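# Examination of the molecular architecture
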Amino acid sequence: MDGNQFYEKFMENSEECKKNIHDYVTFYLQTHKIVEISKPKKEFKVPDSIEDFNILDFV
């Protein structure tokens, strides 16, 4: 969250709060495995006719 304007404003108001949140985030990152998940991309195919077109197939 470093660099986030809201986070910076929030943190400048209280040193105790800043320390508590920093400690919590550090603890969380040390005890949890962060895994990135990516969805397979859908293959784009131009429909043969407009009746077969559904925008939800591409969203």
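See the structure above.
Residues numbered from 1 in each chain as written. Predicted model: local features only at pLDDT ≥ 70, side-chain atom pairs only at ≥ 80, totals over all residues. Heavy atoms only, no water.

## Re the overall build of the protein chain
Scanning the protein chain from terminus to terminus reveals two helices and zero strands. Rg of the C-alpha trace for the protein chain: 22 Å, well past the compact-globule value of 10 Å for 59 residues, more than 25% over. Overall, the protein chain is about 65 × 25 × 15 Å in size when its C-alpha atoms are taken along their principal axes. With the model as given, the accessible surface of the protein chain reaches about 6,300 Å², and the carbon-plus-sulfur share is 57%. Each charge sign in the protein chain was given a centre, from 8 positive and 12 negative side chains, and these centres are 4 Å apart. (Helix = DSSP H or I, 4+ residues; strand = E, 2+ residues; numbered from the N terminus. Rg over C-alpha atoms; globule rule 2.2 N^0.38 Å. Areas by Shrake-Rupley, 256 points an atom, 1.4 Å probe, with all protein chains shown as cover. Lys, Arg positive; Asp, Glu negative; His and termini not counted. Charge placed at Lys NZ, Arg CZ, Asp CG, Glu CD.)

## What about the pattern of salt bridges?
In total, this model carries one salt bridge according to the counting rule given. Between D23 and K19 there is a salt bridge; the shortest N-O distance is 2.7 Å. Taken together, the residues D23 and K19, both in helix α2 (residues 15–31) and four residues apart, mark about one turn of the helix. (Salt bridge = Lys/Arg side-chain N within 4 Å of Asp/Glu carboxyl O.)

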